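A look at the structure
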Amino acid sequence: MRDQPQKPPESLMRAIARDLRPVRPSPQPFHLALRMVPLALLVSSLILLAIGSRADSGKLGPLLTWGASSAQFALAIALVWIAAHESTPAGRLPRQIVYSVAAAASLVVVLVTLITFSTSSGNPILPVPPRINEILRVSPWIMGLACGIGSTVAGGILVLFFSCVFRNAIATRPSVAGALYGAGAGLAINAGWRIACPFSTPWHALGAHGAAIVATVILGARIGRALGNRRLQIGGTHS
Amino acid sequence: MSEGDQELRALMVRYQGGSVEAFQEIYLQLAPGVRRYLSHLAGRSEIADDLLQETFLQMHRSRAAYNPAYAVRPWLFGLARNVFLMNRRAARRFAIVHESRQDLPEFPVLPEADRLGSQDEIRKCLANLAPDQAEALLLHHEWGFSFEEIAGMLGISAAAARARASRAMADLRMALNTLQRARV
């Protein structure tokens, strides 16, 4: 039972003829993932310049300060690379790889938090008036809120950038693809933010910074889903 | 890379450059296979025609998302699958699709299974297979995709794609043998 070749229907040809402008082919997933690096580094550098490096970086040593952040950054690139694969109809990776890297990223964040806390758990003194330091000591949630909102906003900028890069993507599971690049954005920002943030208690690092990563994952998933619905609206007219 | 695949990639690049003739050629070469795949996924040929048109429309909208490093056929079949899934989600037709699998008008018949029973019997047995296994079986034996290509389309490993297809073939053989024994 083999079908005979048939010409495309008139209605389809009319729709095609309406927009035939030349387009540039999409880059391969790895190149797409590398596009995040300059912007992520820029945002992280701005955070570091604005807040400054944490006071206990000497105590933590270069491995726990820069090494741990580099590992998180590399995982962020891997997550965006997987998101790019997930967005290609013929290039999806096995689910086991997707879930393993996501689990590894979560594990690395928790491990880095615990090791950092066990190495330097002292109460930080910020370069602010003593009265503010006292307020922050009594109400640590204020710093938690500041870090949470700050890194969510910074991560949100990256997610919006990815949404532009991935706007042509045709993912089978757009929410998953979005969540993956959201996780990549959150992790990349956290890699820079943790070098600036002087608080190393698990409550703060996982509660505030972790919540910011979760927020970017949710934001990415929602944007991915919205883009997917818009693109694959059956009978729709979006371009 | 086969000659046909190379030709399709070249056509796709020309199409990305704005050639309507290249689009028509891609359609002529791939539409019949994609239509049969959609017909298998949807289980109803009347939906397959709409989905086919939607698939090519989506291909046009997303033509920039194609990278020449990928083979065109699995890319387009993967896109067709996305269109089907989105359509199913949008219309909440899952139950209807599976209920209607009793009479599949254009369910493909595997060339390998042709000698094991009549076309109707093979269709009936194929329809009773687990959907994910039947899909892997048909993508490999009916449309000629490699297990690596199937893996990329379904988001599974090549080994899992091979296992699904061979499990489906074994189940199909068993079902057809049972039917033959019943006939005797």
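Residues numbered from 1 in each chain as written. Chains lettered and ligands numbered in written order. Predicted model: local features only at pLDDT ≥ 70, side-chain atom pairs only at ≥ 80, totals over all residues.

A count of helices and strands for chain A gives nine helices and zero strands. Its helices and strands in sequence order give chain A the pattern α-α-α-α-α-α-α-α-α, from N to C terminus. For chain A, the C-alpha atoms occupy an extent of roughly 80 × 30 × 25 Å along the three principal directions. Within chain A, buried positions represent 41% of all 239 residues. (Helix = DSSP H or I, 4+ residues; strand = E, 2+ residues; numbered from the N terminus. Buried ≥ 20, exposed ≤ 12 C-beta atoms within 10 Å, placed from the backbone.)

Another point: the overall build of chain B. Looking only at helices and strands, chain B features nine helices and zero strands. Within chain B, buried positions represent 43% of all 184 residues. Long-range pairs, those at least 24 residues apart, make up 64% of the contacts in chain B with a sequence separation of at least 6. (Contact = placed C-beta atoms within 7 Å.)

Let's shift gears to the domain arrangement of chain B. All names here are of chain B. With domains assigned, chain B is organised as domain 1 (1–104) and domain 2 (107–184). With eleven residues of domain 1 in contact, the opposing surface of domain 2 contributes ten residues. Every element with two or more residues in the side of domain 1 that touches domain 2 is listed here: α2 (20–42) and α4 (72–91). Residue classes in the side of domain 1 that touches domain 2 are distributed as five nonpolar, three polar and three charged. (Domains from an automatic or database assignment. Nonpolar A, V, L, I, M, F, W, Y, C, P; charged D, E, K, R; others polar.)

Residues and elements named next belong to chain B. The N-to-C vectors of helix α7 (residues 131–142) and helix α9 (residues 158–183) enclose an angle of 100 degrees; their axes lie 7 Å apart at closest approach. Judged on the interaxial angle alone, α9 and α7 are roughly perpendicular. Along the contact surface, α7 presents D132, Q133, A134, A136, L137 and H140, while α9 presents A161, R164, A165, R167, A168 and M169. The residue makeup of the contact of α7 with α9, split by class, is seven nonpolar, two polar and three charged. (Axes fitted to C-alpha atoms, helices over the stretch in contact; angles between N-to-C directions. Parallel < 35°, antiparallel > 145°, perpendicular 65-115°, else oblique.)

Before going further, it helps to examine the interface of chain A and chain B. Each partner contributes to the interface: chain A provides 36 residues, whereas chain B provides 49 residues. Of the residues forming the side of chain A that touches chain B, the biggest block, four residues, is contributed by helix α1 (residues 10–18) of chain A. A class-by-class count of the residues in the side of chain A that touches chain B yields 21 nonpolar, nine polar and six charged.

To continue, consider the nonpolar core. Counting 109 residues, the largest nonpolar core has L79 and A188 of chain A together with L38 of chain B as the members making the most contacts within it. At twelve residues, the largest contribution of residues to this core is made by helix α8 (residues 174–196) of chain A. With residues near it in sequence (within four places) discarded, L79 of chain A still touches V101, A105, L180, A183, G184 and L187 of chain A. (Core = buried A, V, L, I, M, F, W, Y, C linked by C-beta atoms within 7 Å.)

Residue and element names in this part refer to chain A. Relative to the helices and strands, S45 resides in helix α3 (residues 36–51). Assessed through the 11 C-beta atoms surrounding it within 10 Å, S45 is described here as exposed. For the pair S45 and A55, spaced ten residues apart in sequence, the C-alpha separation works out to 17 Å.

Take the environment of V217 of chain A next. All names here are of chain A. Among the structural elements, V217 can be located in helix α9 (residues 202–231). With 61 residues separating them in the primary sequence, V217 and G156 have C-alpha atoms 9.6 Å apart. Ignoring any residue separated from it by four or fewer positions in sequence, one finds V217 in contact with A179, G182, A183 and G186.

On to the confidence of the model for chain A, then. With 94% of its residues at a pLDDT of 70 or more, chain A has an overall mean of 86. Taken together, the stretch residues 234–239 of chain A has pLDDT below 50 and engages in ten contacts with residues farther than four places along the chain or on a different chain. (pLDDT = per-residue confidence, 0-100.)

Next up on the list: the packing of helix α1 (residues 3–16) of chain B against α2 of chain B. All names here are of chain B. Two elements in contact, α1 and α2, have axes whose closest approach is 8 Å; the angle formed by their N-to-C orientations is 140 degrees. The handedness of the crossing between α1 and α2 is left-handed. Taking contact as the criterion, the partners of L8, L11, M12, R14 and Y15 in α1 are, on α2, A22, F23, E25, I26 and Q29. Of the residues contributing to the contact of α1 with α2, the split by class is seven nonpolar, one polar and two charged. (Left-handed = near helix turned anticlockwise from the far one by under 90°.)

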